Amino acid sequence: MRTFTCTCGNRLFFENHRCVACGRDTGFVPEFGELVAIEGSDAAGWRALHPRLAGRQFRRCSNYAHQGVCNWMVSDDEDHAFCQACRLNQVIPDLTRPMHRLYWARIEAAKRRLIYELNVLELPVFSRMVDPEKGLGFAFMADAAPVQEFSDPLEGNSRVLTGHNQGLITINIAEADDIARENMRQSMGERYRSLLGHFRHEIGHYYWLLLVSDAPALLEAFRQSFGDERADYQQALDAYYANGPLTDWPQHFISAYASSHPWEDWAETFSHYLHMTDTLEAAVQLRFSAVDLSDRSLGNFDAWLSAWVELTTGLNELNRCMGHSDLYPFVLSPGARAKLYCVHELLTVNSARPLRELGVVTHA
């Protein structure tokens with residue numbers, strides 16, 4: 001993740017709604033990839049105080065102007081009330097319930113980081129309004145209350161399961177509760193669990209479906225690296241939860257869960273690829289690393305991996321110095337590195353592809 005600069009010269013960070021030095025409001029312009037100082041009003045419109053955007057008029061995303069859970073802008077020539085990230089929402093939490101607005105704000109912050117990085121990687125991001133079958137959508141939902149009105153007990157399964165289904169990514173908003181998420185991490189025996197990590201994992205499933213599943217050459221490359229996804233998925237998960245991961249999983253997989261099925265291996269590896277690229281971008285911005293991220297060639301990927309190992313080793317030690325557990329508690333075995341290389345290759349091949357080549361039927 002990059003840092004940005006206010007017109008006053010102060011450094012801005014991605015989540016900033018205003019500059020803490022000069023007090024100017026700020027807004028992120030997704031098509032420009034910049035967080036900029038803005039001036040104006042919702043009634044009269046907003047002007048970006050950046051020379052490359054001179055003369056352009058913008059509106060604040062409706063979730064920025066009215067809900068306070070966004071900081072992205074919409075160009076005046078776009079016929080949308082919501083920004084690129086917020087228009088992907090299909091379901092938002094019930095805001096009449098306590099804490100839901102706070103959880104929603106945390107979820108939206110993580111989602112915007114995801115969409116920013118997908119834009120940087122030049123991956124296709126389009127809503128279900130554009131293509132109801134292949135478009136991306138998000139549903140942020142809560143478990144049902146244990147009782148309904150008049151204290152009638154609920155019947156059936158009232159839990160919301162975080163996951164992906166044909167382009168719709170569902171997030172249980174309890175993942176935005178730090179205590180609930182940590183309890184779940186410990187009960188599942190996981191080394192790492194974060195809200196942003198969920199987004200990165202589930203979007204991996206989406207891009208496998210969109211980019212790989214219907215491309216014979218890419219599907220064959222996937223199977224050579226990750227295995228045959230035609231193995232029964234539910235049986236594989238049942239076996240994983242009943243028996244635990246493969247005993248030699250550290251030699252071949254990036255996480256224990258990745259060993260459960262090739263689809264999960266891909267999604268786990270994809271999420272770590274996003275962890276790496278986003279964090280390295282921040283490290284370069286902050287001068288913690290000098291790796292050349294502009295060179296996305298396959299030959300330069302070894303340099304990315306070396307920089308990532310060096311950075312995470314240092315970050316883990318800094319965390320220990322502060323009495324915390326490792327920030328990145330993973331070891332990249334040769335098998336895991338080979339799979340990261342495969343993800344990088346497939347994304348490089350697919351970056352900036354026109355939607356029509358992906359079979360997307362534009363409806364809006």
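Residues numbered from 1 in each chain as written. Predicted model: local features only at pLDDT ≥ 70, side-chain atom pairs only at ≥ 80, totals over all residues. Heavy atoms only, no water.

One pass over the full model with this rule turns up 23 salt bridges. With its nearest N and O atoms 2.7 Å apart, the salt bridge here joins Arg60 to Asp42. Placement of Arg60 in strand β6 (residues 57-60) and of Asp42 in the loop between β4 (34-41) and β5 (45-48) is noted, with a sequence separation of 18 residues between them. Through salt bridges that share partners, Glu15, Arg113, Glu117, Arg200 and Asp278 make up one connected network. (Salt bridge = Lys/Arg side-chain N within 4 Å of Asp/Glu carboxyl O. Helix = DSSP H or I, 4+ residues; strand = E, 2+ residues; numbered from the N terminus.)

Of the two faces of β6, the one holding Phe58 and Arg60 is buried and the one holding Gln57 and Arg59 is not buried anywhere. Sheet topology places β6 next to strand β7 (residues 73-75); three bridges connect them, and they run antiparallel. Each residue of the ladder has a partner; that of Arg59, found in β7, is Val74. (Buried < 20%, exposed > 50% of the residue type's maximum accessible area, 1.4 Å probe, protein only. Pairing = 2+ DSSP bridges.)

With 21 residues, helix α9 (residues 301-321) extends 30 Å between its outermost C-alpha atoms, agreeing within 8% with the 30 Å of an ideal straight helix rising 1.5 Å per residue. Summarising the contacts, the buried residues of α9 are in contact with α8 (262-285) and α10 (334-350). Two residues or fewer after α9 comes Gly323, characterised by a positive phi angle close to 80 degrees. (Expected span 1.5 Å × (residues − 1). Contact = heavy atoms within 4.5 Å.)

To continue, consider the pairing of strand β11 (residues 168-172). When you tally the buried positions in β11, you get four out of five residues, the bulk of the element. Judged from the five bridges that link them, strand β9 (residues 137-141) and β11 form a sheet pairing that is parallel. For Phe140, the partnering residue across the bridge sits in β11 and is Ile171. Relative to β11, strand β10 (residues 163-165) is paired through three bridges, and the arrangement is antiparallel. Opposite His164, over in β11, you have Ile169 as the bridge partner.

So, on to the packing of aromatic side chains. We describe a pair of aromatic rings using the distance from one ring centre to the other and the angle between the two ring planes. As enumerated under the stated definition, the model contains 26 aromatic pairs in all. A ring pair is formed by Phe140 and Phe199, whose centres lie 6.0 Å apart and whose planes are at 75 degrees; its orientation type is edge-to-face. With Phe140 in strand β9 and Phe199 in helix α4 (residues 195-212), this residue pair connects regions lying 59 residues apart in the sequence. Within the aromatic cluster, the residues linked to one another by ring pairs are Tyr206, Tyr207, Trp208, Phe222, Phe226, Tyr233, Trp263, Trp266 and Phe270. (Phe/Tyr/Trp six-rings, centres within 6.5 Å; stacked < 30°, edge-to-face > 60°.)

It is worth spelling out the sheet that holds strand β8 (residues 89-91) at this point. Here four strands make up an open sheet; going across it, the order is β8-β9-β11-β10 and the pairing mixed. Here the strands that pair on one side only, and so sit at the sheet edges, are β8 and β10. For this sheet the average axis-to-axis angle between neighbouring strands, irrespective of direction, equals 25 degrees. Of the pairings in the sheet, the one linking β8 to β9 comprises two bridges and is parallel in character. Pairing of Val91 across the sheet is with Ala139, part of β9. Helix-sheet contacts for helix α2 (residues 100-120) involve β8 and β9, and the interaxial angle to β9 is about 160 degrees. (Axes fitted to C-alpha atoms, helices over the stretch in contact; angles between N-to-C directions.)

This part covers the sheet that holds β7. Here we have five strands laid out as an open sheet, ordered β3-β4-β5-β6-β7, and antiparallel in their pairing. The outermost strands of the open sheet, each flanked by one partner alone, are β3 (25-29) and β7. Each strand of the sheet is rotated relative to its neighbour by a mean of 50 degrees, with strand direction disregarded. As paired elements, β5 and β6 share two bridges and run antiparallel to each other. What sits directly across from Trp46, in β6, is Phe58.

Moving on to the packing of α2 against α8. The N-to-C vectors of α2 and α8 enclose an angle of 85 degrees; their axes lie 11 Å apart at closest approach. Relative to α8, α2 is oriented roughly perpendicular. Residue-level inspection shows Arg113, Leu114, Tyr116 and Glu117 of α2 in contact with α8, the latter providing Leu274, Thr277, Asp278 and Glu281. Its residues assigned to classes, the contact of α2 with α8 comprises three nonpolar, one polar and four charged. (Parallel < 35°, antiparallel > 145°, perpendicular 65-115°, else oblique. Nonpolar A, V, L, I, M, F, W, Y, C, P; charged D, E, K, R; others polar.)

On to the environment of Gln235, then. Looking at the element boundaries, Gln235 is found in helix α6 (residues 233-243). Note: C-alpha distance between Gln235 and His261 (26 residues apart in sequence) is 9.5 Å.

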